Structures are given as C-alpha cells and as structure tokens.
Amino acid sequence: MKNTIVKITILAAMVLCWGNELYGDTEKATIKELSLDEFIEMSCANDEVFEEILVESLKLNYLKKLKLPADDIILSVKNNYAAFLRSDKGNPEYQFSLAKLFPDTGTNIGAGYLSKAEGPDGWGINGEFYALVSQPVARNAFGRTNRLLDKIVGMEIDIAWYQIVEAYEKYLAAIINIYYDWNEAYENLKTAENSYKENMKILDNVKERERNNIALPVDVNKVLLQVMLKEETMLEAGNSFREYANLLRKSIGYDVQGTLIPGGPDRFEGIEIDFDEEYRVFREKGRTSLILDMLEEKSALEVDKYADALLPSVELFAEYRIKGADRYLEKDDKRVFVGFTMDYPFPGQVENAEYETSKIDHDMRVLNRTNTQIRIYTDLRNIYQEIEKEKKLIKIAAEKIKVSESVVRDDSVNYSYGRVVLNNFIDEVNRLDLNRFSLIQRNIRLKKLIIEWLTLTDRLVREEGKALAIDPKSRS
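Residues numbered from 1 in each chain as written. Predicted model: local features only at pLDDT ≥ 70, side-chain atom pairs only at ≥ 80, totals over all residues. Heavy atoms only, no water.

Novice: What's the story with the overall build of the protein in this structure? I'm lost.
Specialist: The helix and strand inventory of the protein stands at eleven helices and ten strands. Looking at the protein alone, contacts between residues at least 24 apart form 75% of all its contacts between residues at least 6 apart. Of the roughly 27,500 Å² of accessible surface on the protein, 55% is carried by carbon and sulfur atoms. (Helix = DSSP H or I, 4+ residues; strand = E, 2+ residues; numbered from the N terminus. Contact = heavy atoms within 4.5 Å. Areas by Shrake-Rupley, 256 points an atom, 1.4 Å probe, with all protein chains shown as cover.)

Encoded structure:
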C-alpha cells in the first residue's frame, strides 16, 4: 500500500504541469489562449474545406452562357468542288455567311455571299448575295421562351449560390462545435485536476489520522481507491483534450506553436432570442425562405416554358437577294421574299408529357414549400424551448454546486470529529464533482444550441454581395 501511495504522490506533483505534458514538452511549453473569434478567423484562412466550398461558386459565372441560346455572331465558310465523270466539268464554289441571334426577341438575322463557277471550262462566274431576317411568332414568340429561360437560369444561379452559402454555414457551425467540444474538454480537465488535488489532501488527512490511531487502515484504503478513481478521470480528461486539440489544429493549421487553451470573448455568448420577431424576419428575409420561394416560382416558369413548347414553330421571314452574272454583281437581279415557315409535331407526345410533368412538379413544389416551413417552425420552436430550459438548468446546476461545496465543507469538519461516516463523506465529494461536470456540460450545450438556432435561421453567416461575413449580433 505504501508503494501505491508514493506513486500517487509523485503523480500529484506531475499534475501541476499538466499543460506541458499535453504536447510532450515538459520544459519550455508556451501556453496560448485561443479565442473563438481567432479560431474562426484562422480556420476560414487555413481550412481548405472552406476554400473548396467557395471555389464551387466560380462555376456560377458561366451557367447562363452554358444554358441560354448563344448570341454570338457565327461565320460560316464553305468551299466545295463539283466533280463529274468528265474531267473538264469540275467547277469550284465558295460561300461565306454571317448569322446572329438576338435571344431577347428571338430575332435571327443573316447575310451571305455565294460565288460559283459556271460553264464547261469554269470561266463564267455567278455571284449571289442575300440578307435574311426571321422572327418566331408562335413558339418562342418574340423571344418569350428565351426570356423565360433567362429567368429560370437566373433563379438557378441564385439558388446555387444560396446553397453554397448554406454549405459554408453548416461547415462553420461544425467547426465552432469542435471549438466548444475542445472548450468543454479543457474545463473538464481543470475540474478533474482540482478534484484530484482535493482528494489527495483528504488522503493525507486520513493517513495523518491513521498515524494518530484515529482512523483505521480501511479508511486509508477507501480514500486511496477514491484517489485512483480521480486519477483515472483526470487521465481520460487529458486524453479527450488532446484529441479535440488535434481536431482544432486540423482547421487552423499544425504550425501554430505552443499549447493552446480556450479563452477570450465569445461573440455568441449572451445572445437573447425573441422567438416571434426572429421567426418573422426569417420567414421574410431568410435564405431558406428565399430558396423555397424561388423554387416555387421557378417551377411555375417551367410550366409556362413547356406550355410554349406545345405551340407550333411558326416563323415570319423577309429575305433580300441579289444575283448577278459576275462576282461583283454589276448586272444584278434583285429579289425580295416574304413568307413564313411552320413546323408542328404530330402527335407531340414528348411535349405533352413534359408539360403535364411540369404541372405535377409545380404542385409538389407548392406542397413541399408548405411542409418545409411547418417542419422548420417546429424545429425552431423545439430548439428555442431547449435553450430556455438549458438556461434554467444552468442556474440550478450552479446552485447545486454551492450547496454541495457547503455540504463537503461541513462533512469535512464533522468527519474530523467522528460525526460523519467516511463513506457518506466520500459520496458528497463525488456528488460535488458530478455537479461541477454537469455545469460545464450544460454551459457548452447552451452554446451549441445557440449555434444551431443561428444556423437554422440563416444568421450564422450573412452575405455581403458575393462575400461572406460572420456577425450574428448585427442581425439579432
């Protein structure tokens, strides 16, 4: 038993420099406080997951160009040689044309020039120039479908950006929770260390009483087991702290020197919630509400787009053509053509199916919007109730610690006079430790619930143009 007591005494001395032991540098370890704001700033700068999320937004710059009809000027050049069975009847032909579409109106304009050799020896040259304007008047009438598509793609871009912000916000919430887990592990370790020291004092007191024949050897053994239990708790707490410290350094970078401990201000601490007002703002201005509104409006535009596709393709056109007996069109023959073209699919099964499907999708989107809002309201109400409950439990836990400390002080005196059985005294000491750990756990849980509330109400991250900022109090 004496050997065991000696080992525990040595460990008690080592506990005084637990911060150095955490990273293996027992001589020159530097302890640095890392506030939550500093952690967020360093994580946003060094964690590649944030960069990966934001890089995705670069694709949005090209989405319209990929999905909308191109308004480029198209140059076409054609050169062919007509070969016949007789070698003296091969005639070259050259053709140049320019075309441009105006998507907003659907208007298509074009011009071209054709030069063709005629005659058995290819000495005669015929030239031809044309200019053409066409305008759809039924399907995509005056660019209506293109304008619908422009709105749809614009909404897709906005929705995609909001989804990127959502991903950024959720990852930020996740790493903030890592900081809080690290904070909790640190507080648990400090509490375990203090408990170990207090129980070592009790052990010394009982040993002294044994030497004076006031306490029995069994009493020493009981307290010794208690000290061993506190040692185990302290070692477990130290290992948990190191594990969360590794996760923390994964976000801020492993090149940060010294032993880090949590400290400094917490921007999310003390945030008060006005449920009705904050829910009203969320419904009117929150990203989630905007996404749901845009998805519903987008599905309605899709119905209009597919309804337009059921119409026949009718185009009015006007063409001006000059044809001459030479390449310079000096002896020209001018003509103007006006008319229309029409294409109509029979029976149009694909178009009808797309139209009917789009109507079903729109109905589903309306239902989904309503159901999602109800679900979010329920989640927010439950989180708010959890926050209010946790605040009350924190007050109770703090009061329990005060009462437990008073009981332990009184029982310590009563035990010295033999008025309290040692087992009861040990139970009160353990109950005090449980209350201390409980308060730490509840404080961290409250902070995590606040982060969950801010995330769900789209207030953890706000957009400043296409930049992101983290300042919940400015939007409270």
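Alright, that's what it looks like, and here's the rest.
Novice: Quick question: what am I supposed to make of a nonpolar patch on the surface here?
Specialist: A cluster of nonpolar side chains, Val137, Phe142, Leu316, Phe340, Met342, Tyr344 and Phe346, forms an exposed patch at the surface whose accessible area comes to about 780 Å². Examined against the element boundaries, Phe346 turns out to sit in the loop between strand 8 (332–343) and helix 10 (349–416). A relative accessible area of 71% means that Phe346 is categorised as exposed. (Patch = residues over 30% accessible without salt bridge, like charges linked within 9 Å, V, L, I, M, F, W, Y side chains within 5 Å. Salt bridge = Lys/Arg side-chain N within 4 Å of Asp/Glu carboxyl O. Buried < 20%, exposed > 50% of the residue type's maximum accessible area, 1.4 Å probe, protein only.)

Novice: Help me understand the nonpolar core, please; the structure alone is not making it clear to me.
Specialist: The nonpolar side chains of a soluble globular protein tend to be buried, and buried together. Counting 83 residues, the largest nonpolar core has Phe39, Ile176, Phe268 and Trp453 as the members making the most contacts within it. The element that contributes the greatest number of residues to this core is helix 6 (residues 144–211), accounting for 26 residues. (Core = buried A, V, L, I, M, F, W, Y, C linked by side-chain atoms within 4.5 Å.)

Novice: I keep staring at the side chain of Glu428 and nothing clicks. Help me out?
Specialist: Summarising the element assignment, Glu428 is placed in helix 11 (residues 422–456). Side chain to side chain, Glu428 and Arg431 meet in a polar contact 2.8 Å long. Once residues within four sequence positions are removed from consideration, Glu428 is found in contact with Val407, Val408 and Asp411. (Polar contact = N/O pair within 3.5 Å; in protein donor to acceptor, adjacent residues only side chain to side chain.)

Novice: What am I meant to see in the environment of Val407 here?
Specialist: In this fold, Val407 is placed in helix 10. Val407 gets classed as partly exposed once you look at its relative accessible area, which sits at 27%. Between the C-alpha atoms of Val407 and Leu432, which are 25 residues apart in sequence, the distance is 9.0 Å.

Novice: So what exactly am I meant to see when it comes to the packing of aromatic side chains here?
Specialist: Centre-to-centre distance and the angle between the planes together describe a pair of aromatic rings. Inspection of the entire model under this criterion finds 15 aromatic pairs. Summarising the aromatic geometry, the rings of Phe275 and Tyr377 are spaced 5.7 Å apart at their centres and angled 75° between planes, so their arrangement reads as edge-to-face. Placement of Phe275 in helix 8 (residues 275–285) and of Tyr377 in helix 10 is noted, with a sequence separation of 102 residues between them. Note on Phe275: relative accessible area 4%, which makes it buried. Residue classification places Tyr377 among the partly exposed positions, given a relative accessible area of 33%. Three or more aromatic residues link up through ring pairs in this structure, and these residues are Phe39, Tyr179, Tyr180, Trp182, Tyr186 and Phe241. Stacked on the ring of Tyr306, the Lys or Arg Lys305 has its end atom at 4.7 Å from the ring centre. (Phe/Tyr/Trp six-rings, centres within 6.5 Å; stacked < 30°, edge-to-face > 60°. Lys NZ or Arg CZ within 6 Å of the ring centre and 35° of its normal.)

Novice: Explain the pattern of salt bridges here, please?
Specialist: Charged atoms that come close allow side chains of opposite charge to pair. For the structure on display, the rule yields 35 salt bridges. With a closest N to O distance of 2.3 Å, Arg321 and Glu128 form a salt bridge. Here Arg321 is found in strand 7 (residues 313–324), whereas its partner Glu128 is found in strand 5 (residues 124–136), with 193 residues between them in sequence. With relative accessibility at 23%, the residue Arg321 sits in the partly exposed group.

Novice: I tried to follow the confidence of the model for the protein on my own but got confused; where do I start?
Specialist: Detailed reading of predicted coordinates is not advised where the pLDDT is low. For the protein, per-residue confidence averages 82 on the pLDDT scale, and 84% of positions sit at 70 or higher. Summarising per-element confidence for the protein, the mean pLDDT is lowest in helix 2 (residues 18–21) (43) and highest in helix 11 (95). The model gives residues 4–28 a pLDDT under 50, and that stretch makes 40 contacts with residues more than four places away or in other chains. The low-confidence segment residues 84–88, where pLDDT is below 50, has three contacts with residues more than four positions distant or belonging to other chains. (pLDDT = per-residue confidence, 0-100.)

Novice: Got a minute to help me understand the packing of helix 6 against helix 7 (residues 217–252) in this structure?
Specialist: Packed helix pairs are specified by the crossing angle of their axes together with the interaxial distance, meaning the distance between the axes. Viewed as axis vectors pointing N to C, helix 6 and helix 7 meet at an angle of 160°, and their least axial separation amounts to 8 Å. The angle between the axes of helix 6 and helix 7 places the two elements in the roughly antiparallel class. Taken as a pair, helix 6 and helix 7 cross one another with a handedness that is left-handed. Its residues placed into classes, the contact of helix 6 with helix 7 shows 26 nonpolar, eight polar and eight charged. (Axes fitted to C-alpha atoms, helices over the stretch in contact; angles between N-to-C directions. Parallel < 35°, antiparallel > 145°, perpendicular 65-115°, else oblique. Left-handed = near helix turned anticlockwise from the far one by under 90°. Nonpolar A, V, L, I, M, F, W, Y, C, P; charged D, E, K, R; others polar.)

Novice: For this particular structure, what's the right way to read helix 8?
Specialist: In an α-helix, one full turn covers 3.6 residues, which means residues spaced three or four apart are oriented alike. Within helix 8, burial applies to Phe275, Glu278, Tyr279 and Phe282. Axial view of helix 8: buried residues confined to an arc of 100°, hence all on one face. Turned more than 90 degrees away from the buried face of helix 8 sit Asp276 and Lys285, all of them exposed. On its buried face, helix 8 is in contact with helix 9 (287–309), helix 10 and helix 11. (Arc of directions from axis to C-beta.)

Novice: Explanation requested: the environment of Ala237 in the structure shown.
Specialist: Of note, Ala237 is situated in helix 7. Sequence separation of Ala237 and Ala192 is 45 residues, and the distance between their C-alpha atoms is 7.2 Å. Residues within four places of Ala237 in sequence aside, it is in contact with Ala185, Asn188, Leu189 and Ala192.

Novice: Would you mind showing me how to read helix 10 here?
Specialist: With 68 residues, helix 10 extends 95 Å from end C-alpha to end C-alpha; this agrees with the ideal 100 Å at 1.5 Å per step. Two residues or fewer past helix 10, Gly418 is found with a positive phi of approximately 75°. (Expected span 1.5 Å × (residues − 1).)

Novice: Looking at this structure, how should I read the packing of helix 4 (residues 48–55) against helix 6?
Specialist: Packing of helix 4 against helix 6 brings their axes to within 9 Å, and their N-to-C directions diverge by 170°. Taken together, the axes of helix 4 and helix 6 are roughly antiparallel relative to one another. Contacts between helix 4 and helix 6 pair Val49, Phe50, Ile53 and Leu54 from the former with Ile164, Ala167, Tyr168, Tyr171, Leu172 and Ile175 from the latter. Each residue belonging to the contact of helix 4 with helix 6 can be placed in one class, and the counts come to ten nonpolar, no polar and no charged.

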